[in-house]
Amino acid sequence: MTFAEILCPSCALFLDFDGTVVDIAPQPHAVHVPQPLIETLRWLGEELDGAVAMISGRPIAQIDELLAPLRLAVAGVHGAERRGADGGMTLLSTHPLEQVEQVARQLAAEHPGLLVENKRGSLALHYRQAPALEELCLQAMQDAVADSPGLSLLRGKMVVEAKPGGASKGRAIEAFLAEPPFAGRTPVFIGDDITDEVGFATVQRLGGLGIKVGPGTTVAWQRLADPEALRRELVATMTERRRRATTP
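Residues numbered from 1 in each chain as written. Predicted model: local features only at pLDDT ≥ 70, side-chain atom pairs only at ≥ 80, totals over all residues. Heavy atoms only, no water.

Student: I'm lost on the pairing of strand β9 (residues 159-164) in this one. Help?
Tutor: If a strand is regular, its side chains alternate between the two faces of the sheet. With respect to burial, β9 is a largely interior element, six of its six residues being buried. One ladder, built from four bridges, connects strand β7 (residues 122-126) with β9; its direction is antiparallel. Directly across from His 126, in β9, lies its bridge partner Val 159. Taking the residues that link successive antiparallel strands as the turn, the strand β8 (residues 151-156)-β9 hairpin has two residues, and the phi of Met 158 there is positive, at about 60°. (Buried < 20%, exposed > 50% of the residue type's maximum accessible area, 1.4 Å probe, protein only. Helix = DSSP H or I, 4+ residues; strand = E, 2+ residues; numbered from the N terminus. Pairing = 2+ DSSP bridges.)

Student: Just checking my understanding: could you explain unusual backbone geometry for this structure?
Tutor: For residues besides glycine, phi is generally negative; the peptide bonds are generally trans as well. Here Ala 68 and Pro 69 are connected by a cis peptide whose omega angle stands at 5°. Its location among the elements puts Pro 69 in the loop between α3 (60-67) and β3 (73-76). That bond from Pro 180 to Pro 181 is cis: its omega, 0°, falls within 30 degrees of zero. Summarising the element assignment, Pro 181 is placed in the loop between α6 (169-177) and β10 (186-191). Phi angles above zero are rare outside glycine, and His 78 is one such case at about 60°. You can see His 78 is positioned in the loop between β3 and β4 (81-83).

Student: I would appreciate a short explanation of the pattern of salt bridges in the present structure.
Tutor: Any two side chains of opposite charge can pair if their charged atoms end up close together. Evaluation of the coordinates by the stated rule reveals 19 salt bridges. Between Asp 23 and Arg 231 there is a salt bridge; the shortest N-O distance is 3.3 Å. Of this pair, Asp 23 sits in the loop between β1 (11-15) and α2 (35-47) while Arg 231 sits in helix α8 (residues 227-246); the two residues are 208 residues apart in sequence, bridging distant segments of the chain. In this structure, Arg 241 engages Glu 47 in a salt bridge whose closest nitrogen and oxygen atoms are separated by 3.1 Å. Residue Arg 241 is located in helix α8, and its partner Glu 47 is located in helix α2; the two are separated by 194 residues in the primary sequence. By relative accessible area, which is 16% here, Arg 241 ends up buried. The partly exposed category is assigned to Glu 47, whose relative accessible area is 26%. The network of salt bridges with common partners includes Asp 16, Lys 169 and Asp 196. (Salt bridge = Lys/Arg side-chain N within 4 Å of Asp/Glu carboxyl O.)

Next comes the structure, spelled out in structure tokens:
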């Protein structure tokens, strides 16, 4: 099955952000969004009658800022916050993060290569600039989360994060699929990280397809090499569909 066939008019498309539609940057704030990507995402929204959503670990406000002026349906902070296609917001209950934040900031103070990112109901400790500290970061965050009711630990690419226990990308996708314009469509989820595996499993359980971007073990049934390969496929699909629409 070709990528153009996967993106059939009856599908609902769910996209991770970092490492999927854009390349991972050394720091979250340094990510670059290629301008053509915004036009491609706008076209996808029109082609699929609005059934396109970002499913990200970033807060919704960051996704909006990075994709401005485009405004998509989006689940942020791994589903802890979600904005439907109609603009309605759903916010999961949050839990105290004080102990986790104290531990993470103490580590960052002792090791300048670490970065603490505080989100709504979530706290991430990035070690991309200090990969040798992975085990130290993981153990410290595991211990802090174990002493913080209502939180769960999530591992990603060079990051470990404490988040609300009820938040997951899979649950966010299921919530979208219960609402228009996603309801009744075949779900396709494209992601790159360990944090996306539950999303792949969810859409495939529901009769859809998961597509993994990049290397690594995955439950997804399809794979693309990297974000650039995904962007190429999206542009090629857009170009071909536009050509067909204008061909007598």
